[in-house]
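# Reading the structure
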Amino acid sequence: MNPASRTKNVLVVGRDPNLADLVRNAAGETVEVHGAAGGEEGWSVIRELRPEIIVLGKLDSTESVIRLYEELREDWISRHASLLVVEYNEIENTHRILSDENLSTCIGDYSLQKGSECAYQPAGALLPKLSEIIAAKLKARENRLKSALKEPDGFCTIWEQIPGPGAFEKRQAMVLENAREAARRGIACAISITDNPGGNPAIATDILCAEIRRAGIDPLVHIAFRDRSRNQAESLLFQLAALGINNILVLTGDYPSDLGFTGKSKPVFDLDSVNGLRLVKEMNRGLMRTILRKPTRLGSTDFFAGVAFSPFKQMEAEVMGQYYKMKKKVEAGADFVITQVGYDARKLHEFLVWLEGRRYRIPALASVYVLSYQVAKAMHGNHVPGCVVTKKMLGRLESESVTRDKGRQARLDRAAKMYAIARGMGFRGAYISGQNMPVESLEYIVAKGNELAGEWRDLIPEFDYPQDKGFYLYTRDAGTGLNSMAPAPKTQEPDRSPVFEISRLFHNVFFDPGSALFKPVQRFMKFADSSPFLYRLLHGFERWVKSLLYECKDCGDCALFDAAYLCPVSQCPKDQRNAPCGGSFEGWCEVYPNEKQCVWVRAYVRLKRRGEQDEIGANIVPPCNWNLWQSSSWINYFLGWDHSAQMRGIRPPGSGKKDTAEK
């Protein structure tokens, strides 16, 4: 029995076998009902299945039912389940159903009370009443964000909230109040909580998300790998699962700001968003761990994992890099995707055309940002990585800002029109955000957006803000102002790099498993590994050569093959091994604007010279194996220990794997 393979489970504990059949009929075909004769058998099923509902029937006595009920309520695993007690009076042919809402009243101190909610009902009413209660309990426990995005004709609104620093600040109270009000008005299917946005330290997202869940609305918690090692990320995910928080947005994260304690925090970036998704999906299947030398499968989680995507890039290399990475995110198991902030309707449409062309059925939400002039200036100046505001757009906002209301109504109407366009285009939802936005503004955007949705095509000209010399993936459709299905010509000039050409030549001669010299070199590497002196000599020579050519950091798990012989460890501040992050601007690195080109832009133009640029999106590259840190990557490759060798099926000559921890 695998809890990840079924949607819902109900456990019936009791001596009466007819109760399990009754519950099965009441629950319906989409729910799997399991039976246990007593508490010991029930605990075994609970540990394995983690049922959503546990129904207690007749046991040895009323006291034993109450005792088991209290044990279930206090247990770490079963405390998350909904509990019901079903009592049946055979002599009078009557029944009653007790739960948290009325149990203490009806059986307080093990004595029967006579309140109206405690009275026995005719036996004939048991099945419909039980069916009603089980349906209500399951509905209350369902992931409403997941259900909304899986609904074919639905349109989901997510409202972003930005927590700030401090434990007891007014902003945290405002976030919770907004969540409660959105839940009360029913105008959002989830509240999104950012994770140290802008690389600035803030209150931990899991704390607020637990409070938001109690407020009656689903939270969407951001997880940025900027600040976390893979161990810490795994621990956080276990914590969220234990809290019943299953909606997550997996992000690389902005680079750390200068606001950390006594200065800039050390960036971590141990995992990128692609490998973060792989971790999440393995946890959903049940991670395998060796505990006391015994392989053990951990309890499966139920995460619904989203990712971000930036269609608003200027250069061909940047645009293609984003799509290469999005392909990997889909393959890694992304459940939904949210676009970055931008105001080019054709770019939004381009993403949907790409998804349709690849037959990806992943739900996509369009970002709708309520843009003020001050924030627009920051975005235009590239101070908010990934968000694009063109000069033309900035000029429009500037003219609006001098009106009597400082442009407030204009920006709300613009957001409502974007909402309408997203709905009309075929997005599955809108991700609405904005600085200090009250719930009344959210309500206006949703209502006005729905009102305008029928005329969304007429609004397209109002969102025609192309970037200067911007590249589009598809040709323009003159009739709609959007995109046709025809790919646009790719005209960016390739680059001829001497280092790339030399590296490629050496790879083909020595490192290609099909080359004539590969086997002799492999045997030499095995011999060198057995000689400490020769190992140090070879490793020192390798470090010198690769430092000179690639600024090598001696990670031992070399990714040069994956990035056109550019080192993503030394030349990308975020250590991105699976194509670029979303923060580049006009080809420049997010961290070093106007100083260093994005390493993946450079890789693209190198590979394009040989028509091999699509290789960037071909394979998911695993994160660095720190077990190999500062060891010879040449030996690790030829003896089959690093990720490049394993992707190519290379094994040590005549032996199995070596424990590289001893290096």
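These remarks concern the structure in this document.

Moving on to the pattern of salt bridges. Charged atoms that come close allow side chains of opposite charge to pair. Applying the stated criterion across every chain yields a total of 33 salt bridges. Lysine 139 is the partner of glutamate 142 in a salt bridge, and the nearest nitrogen-oxygen pair spans 3.7 Å. What makes lysine 139 exposed here is its relative accessible area of 56%. Measuring nitrogen to oxygen at the nearest pair gives 3.4 Å for the salt bridge that ties aspartate 218 to arginine 144. Taken as a pair, aspartate 218 in the loop between helix H8 (205–214) and strand S9 (219–224) and arginine 144 in helix H6 (residues 144–150) lie far apart in primary sequence, 74 residues in all. In this structure arginine 144 comes out as partly exposed when scored by relative accessible area, which is 34%.

Turning our eyes to something else, we now look at helix H3 (residues 62–74). An α-helix turns once every 3.6 residues. As a result, residues three or four positions apart point the same way. Counted at 1.5 Å a residue, the expected span for H3 with its 13 residues is 18 Å, and the 19 Å between its end C-alpha atoms agrees. Turning to H3, its buried residues are Ser64, Val65, Ile66, Leu68, Tyr69 and Leu72. Each element contacted by the buried residues of H3 is listed here: strand S1 (9–13), helix H2 (39–49), strand S3 (53–56), strand S4 (82–89), strand S5 (94–99) and helix H4 (103–106).

On to the pairing of strand S16 (residues 429–433), then. For S16, a buried count of 5 out of 5 residues is recorded, marking the element as mostly surrounded by other parts of the structure. Two strands pair when backbone bridges link them, and strand S7 (residues 156–161) and S16 are joined in this way by 4 bridges, in the parallel orientation. Among the inter-strand pairings, tryptophan 159 is bridged to a residue of S16, identified as isoleucine 432. As paired elements, strand S15 (residues 364–369) and S16 share 5 bridges and run parallel to each other. Its bridge partner lying in S16, tyrosine 369 is registered against serine 433.

A full pass over the atoms with the stated rule returns 1 disulfide. Disulfide partner of cysteine 156: cysteine 189, at an S-S distance of 1.7 Å. With cysteine 156 in strand S7 and cysteine 189 in the loop between helix H7 (170–185) and strand S8 (190–193), this pair connects stretches of sequence that are 33 residues apart. Residue classification places cysteine 189 among the buried residues on the basis of a relative accessible area of 14%. Cysteine 209 takes part in no disulfide bond, and the closest cysteine sulfur, belonging to cysteine 189, lies 14 Å away. A relative accessible area of 0% means that cysteine 209 is categorised as buried. In this structure cysteine 558 is not part of a disulfide, and its nearest cysteine sulfur, from cysteine 555, lies 6.0 Å away.

The subject of this paragraph is the side chain of serine 64. Along the chain, the position of serine 64 falls in helix H3. Serine 64 gets classed as buried once you look at its relative accessible area, which sits at 13%.

So, about the packing of aromatic side chains. Enumeration according to the criterion identifies 21 aromatic pairs in this entry. Aromatic pair phenylalanine 511 and phenylalanine 638: ring centres 5.2 Å apart, planes at 35°, arrangement tilted. Residue phenylalanine 511 is located in helix H18 (residues 498–511), and its partner phenylalanine 638 is located in helix H23 (residues 633–638); the two are separated by 127 residues in the primary sequence. When sorted by exposure, phenylalanine 511 lands in the same class as phenylalanine 638, which is buried. Members of the aromatic cluster, each reached through a chain of ring pairs, are Phe500, Phe511, Phe518, Phe561, Tyr565, Tyr637 and Phe638. It is lysine 347 that lies over the ring of tyrosine 472; its NZ or CZ is 4.7 Å from the centre. In this arrangement the basic side chain of lysine 596 is found over the ring face of tyrosine 592, its NZ or CZ atom lying 4.6 Å from the centre.

This part covers the pairing of S1. Here S1 lies mainly inside the structure; 5 of its 5 residues are buried. Burial of S1 is two-sided: the residues Asn9, Leu11 and Val13 facing one way and the residues Val10 and Val12 facing the other way are all buried. Relative to strand S2 (residues 32–36), S1 runs parallel, the two being bridged by 5 bridges. Paired with valine 12 across the bridge in S2 is glycine 35. Tracing the backbone out of S1, into helix H1 (residues 17–27) and back to the parallel element S2 gives a crossover that is right-handed. Relative to S3, S1 runs parallel, the two sharing 4 bridges. In the strand pairing of S3, leucine 11 is matched with isoleucine 54.

What counts and how
- Residues numbered from 1 in each chain as written.
- Predicted model: local features only at pLDDT ≥ 70, side-chain atom pairs only at ≥ 80, totals over all residues.
- Heavy atoms only, no water.
- Salt bridge = Lys/Arg side-chain N within 4 Å of Asp/Glu carboxyl O.
- Buried < 20%, exposed > 50% of the residue type's maximum accessible area, 1.4 Å probe, protein only.
- Helix = DSSP H or I, 4+ residues; strand = E, 2+ residues; numbered from the N terminus.
- Expected span 1.5 Å × (residues − 1).
- Contact = heavy atoms within 4.5 Å.
- Pairing = 2+ DSSP bridges.
- Disulfide = S-S within 2.5 Å.
- Phe/Tyr/Trp six-rings, centres within 6.5 Å; stacked < 30°, edge-to-face > 60°.
- Lys NZ or Arg CZ within 6 Å of the ring centre and 35° of its normal.
- Right-handed = clockwise from strand over helix to strand, strands pointing away.

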